[in-house]
Amino acid sequence: MRMRRPRQKARESARSPAWERRVGRTARPLELFAASDVMAFAPMGPEASFFEVLDRHRASLLAELRRAGGEPSGGGTRLASSSEVLASIENTIQDIITSLARNEAPAFTIDDRSSWENIKFEDSVGLQMVSHCTTRKIKSDSPKSVQKFALILKILSMIYKLVQSNTYATKRDIYYTDSQLFGNQTIVDNIVSDISCMLKVPRRSLHILSTSKGLIAGNLRYIEEDGTKVNCTGGATAVAVPSNIQGIRNLITDAKFVLIVEKDATFQRLLDDNFCNKMSPCIMVTGKGVPDLNTRLLVKKLWDTFHTPVFTLVDADPHGIEIMCIYKYGSMSMSFEAHNLTVPAIRWLGLLPSDLKRLNIPKDSLIPLTKRDHMKLDSILKRPYVTCQPFWRKEMEIMADSKMKAEIQALTFLSSDYLSRVYLPNKLRFGGWI
C-alpha cells in the first residue's frame, strides 16, 4: 500500500466538507475516519450500516412513487406490436397514394421537436411533446426537402421488411446499404428518429438497433435475447451495454445504488481503483459522454425493474449538467418518447460547483467558462425543470458567479485516488447528493 506524507493527510482533513467528517454523533479527522470506516472495505463491500442513508433514500423514492400512483415493481413501457408498426407504415403509404391520386404532391408531417413551445415538463416524466404541437412538412415537390422525402420513404420500406420478417438491423447497417445515397450516418440517425416520431412508435419497435457505446460494471447479471448469460461482476473489466435492451431478461442484482459516470476515463479509473468491489453491491454505468439511446434505455430498465437509487457523477461544467439532464429529464429531440427513456428519480452526486470551494481546490486546477459555456448555462437555467430543482439552480449560480468550471480530475489535487477512496464513499454514506 502506498504511504503518504502526514502533511498531505492534514490537508485532506482540513479541506473536506462537514458531511465528509461526520461519524455518528462525533466528528473525527477525515483521515482517521476514512482509514477506519471507509477505505478498509473487504472485497464484499462495506458493512450494512454504511447503506442506511441510501436505504432511507430508496424508501422515500418508493413512497413518492406510490403517492404518484406508480407501481413499485415496474417493467418498462409496452412496445408497439409488429402488426401495429406495419399498420402505421401502411397508413402512411396510403396517404401518399391518396395525394398522388388527387394530383397533389405528397408530404410527410412530423412534429416539430426543435421549439420549446412544443415541449412541456412534468416532474414525474420529464420533457415531452404537447398534445397539439406545431408540425413541419417534408415535401416531395420542394427542392429543399425532396431528397429527405425520398430517404424517409426508402428507410420506411426497409423498416417494413425488417418488422415483417422479424429481423433486426443497426442504423450502421442501414447506412452501409447505400452509403453514397445517405451521405453520412447522422442523416440516417435523424431520419430514424423522425420516423419514430411520425409513426408514434418507440424507436426499438422499428427493429432498428443502435450500436452501443456505453459500458456497465458491478453487481448485475442478465440473459441476452440469444440466451447468452452476462455477468457484469468482473472487478477491473466492464461489459458493453447490449444493443437490444428490450431483449434482455432475468436481470438479477443486489445493488444498493447505480452510479452513472459521465466520462469513460473516470469510469475506467474507478474500475482500476476497484470501486465496484469496495462499494459492493453497486452498479456503474457510463455513456461515454452524451449517452446513446441504449445506455439511456438500460438505466431506465434498471430503475423500472429494481427502483434502486440512481446517481450521476459529472464534470462541474455546463456540458456535464446537460448530460445529467438528458438522463433525468430527457431531450427535446427524443421528447416524443420521454416515458420510455427518462428517470426523474436521478440525483446529482457530484462534482458539485460548491464542492470546489469546500475542498479548497486551487484556482489553477479550475478552467474559465467560455462564451459557449455561458450560453449553455443560461439556456439550462431557463428550462422548465430548473424551477423544481432549487438546489440545482443554486449550484449553477455558483458556477456562473465564479465564472469557473472543473473536471472531475480536479480532485486529484487532493490525492490521486481521492475520488474513489474519500469523495464518493462519504457522499454516498452521508447523503451528499441533491
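Further up the page is the structure itself.
Computed from a prediction, not measured in an experiment: that's the story for all the values here.

J.: I would appreciate a short explanation of the overall build of the protein chain in the present structure.
T.: Secondary structure assignment for the protein chain yields 17 helices and 19 strands. Among the 434 residues that make up the protein chain, the fraction classed as buried is 54%. Put simply, of all contacts in the protein chain between residues at least 6 apart along the chain, 76% involve residues at least 24 apart.

J.: Explain the pattern of salt bridges to me, please; I cannot follow it from the model alone.
T.: Where charged atoms from two side chains of opposite charge come close, those side chains can pair. Following the criterion strictly, the structure yields 19 salt bridges and no others. A salt bridge links lysine 405 to aspartate 373, with the nearest nitrogen and oxygen atoms 2.8 Å apart. One end of the pair, lysine 405, is in strand 19 (residues 404-405); the other, aspartate 373, is in helix 15 (residues 371-381), with 32 residues separating them in the sequence. By the burial criterion, lysine 405 is buried, and aspartate 373 matches it. Two residues, glutamate 397 and arginine 393, come together in a salt bridge whose shortest N-O distance is 3.8 Å. Taken together, the positions of glutamate 397 and arginine 393, both in helix 16 (residues 390-402) and four residues apart, correspond to about one turn of that helix.

J.: What am I meant to see in empty space enclosed by the protein here?
T.: Once rolled over the atoms, a probe with the size of a water molecule shows which space is left empty. In this structure the tally under the stated criterion is one cavity of 30 Å³ or more. Considering only enclosed or pocket space, the largest cavity measures out at about 70 Å³ in volume. In terms of lining residues, the largest cavity is bounded by Arg203, Arg204, Ile208, Leu209, Ser210, Ser243, Asn244, Ile245, Gln246, Leu293, Asn294 and Leu297. When contributions to the lining of the largest cavity are tallied by element, the ones reaching two or more residues are strand 8 (208-209) and helix 11 (293-306). Ranked by residues supplied to the lining of the largest cavity, first place goes to helix 11 with three residues. A breakdown of the residues in the lining of the largest cavity according to their chemical character gives five nonpolar, five polar and two charged.

J.: Would you take a moment to explain the packing of helix 5 (residues 146-165) against helix 8 (residues 185-199) for this structure?
T.: Helices that pack against each other are described as a pair by the angle of their axes relative to one another and the distance between those axes. With their axes 10 Å apart at the nearest point, helix 5 and helix 8 run at an angle of 70 degrees to one another. Taken together, helix 5 and helix 8 sit at an angle that is classed as roughly perpendicular. On helix 8, the residues that touch Lys148, Leu151, Ile152, Ile155, Leu156 and Ile159 of helix 5 are Ile187, Val188, Ile191, Val192, Asp194, Ile195, Met198 and Leu199. Of the residues belonging to the contact of helix 5 with helix 8, the class tally is twelve nonpolar, no polar and two charged.

J.: Quick question: what am I supposed to make of the sheet that holds strand 10 (residues 221-223) here?
T.: Backbone-to-backbone hydrogen bonds pair the strands of a sheet. The strands run either parallel or antiparallel. Within the open sheet, the three strands sit side by side as 11-10-13. Their pairing is antiparallel. Single-partner strands in this sheet number two, and they are strand 11 (229-231) and strand 13 (249-252). This sheet shows a mean twist of 10 degrees between the axes of neighbouring strands, independent of strand direction. Here strand 10 pairs with strand 11 via three bridges, running antiparallel.

J.: What is the right way to look at the side chain of lysine 301 in this model?
T.: On the secondary structure map, lysine 301 appears in helix 11. For the buried lysine 301, which has no salt bridge, the nearest side chain bearing the opposite charge is aspartate 304, at an N-O separation of 7.8 Å. Excluding residues within four positions of it along the chain, lysine 301 makes contact with Ile245, Ile248 and Leu251.

The rules behind each value
- Throughout this document, residue positions are counted from 1 along each chain, in the order its sequence is written.
- Where totals are concerned, whole chains, interfaces and linings use all residues; where local detail is concerned, this predicted model gives features only for residues with pLDDT of at least 70, and gives and counts side-chain atom pairs only at 80 or more.
- Water and hydrogen atoms were dropped before computing side-chain values, which therefore reflect all heavy atoms in the structure.
- Secondary structure elements follow DSSP: runs of H or I no shorter than four residues count as helices, runs of E no shorter than two count as strands, and numbering proceeds from the N terminus.
- Any residue under 20% of the maximum accessible area for its type is buried, any over 50% is exposed, and the rest in between are partly exposed; the area is computed with a 1.4 Å probe on protein chains only.
- A contact between two residues is defined here by any heavy atoms of the two lying within 4.5 Å.
- Salt bridges, as used here, are contacts in which a Lys or Arg side-chain nitrogen is within 4 Å of a carboxyl oxygen on Asp or Glu.
- A pocket, in this scheme, is an open set of points on a 1 Å grid over the protein atoms alone with protein on both sides within 12 Å along at least 5 of 7 lines, while a cavity is a set where a 1.4 Å probe fits but cannot get out; residues line either one if an atom lies within 4 Å of a point.
- Grid points are joined across faces, edges and corners, and a volume is the space filled by probe spheres set on the points.
- Charged residues are taken to be Asp, Glu, Lys and Arg, nonpolar residues to be Ala, Val, Leu, Ile, Met, Phe, Trp, Tyr, Cys and Pro, and polar residues to be all remaining types, Gly included.
- Only the stretch in contact is used when fitting a helix axis, every axis being a line fitted to C-alpha atoms; angles between N-to-C directions are given from 0 to 180 degrees.
- For classification purposes, an angle smaller than 35 degrees is called roughly parallel, one larger than 145 roughly antiparallel, one from 65 to 115 roughly perpendicular, and anything else oblique.
- Strand pairing is assigned whenever DSSP identifies at least 2 bridges connecting the two strands.
- Only four residue types enter the charge count: Lys and Arg as positive, Asp and Glu as negative, with His and the chain ends excluded.

That's the geometry; what it means functionally is another story.
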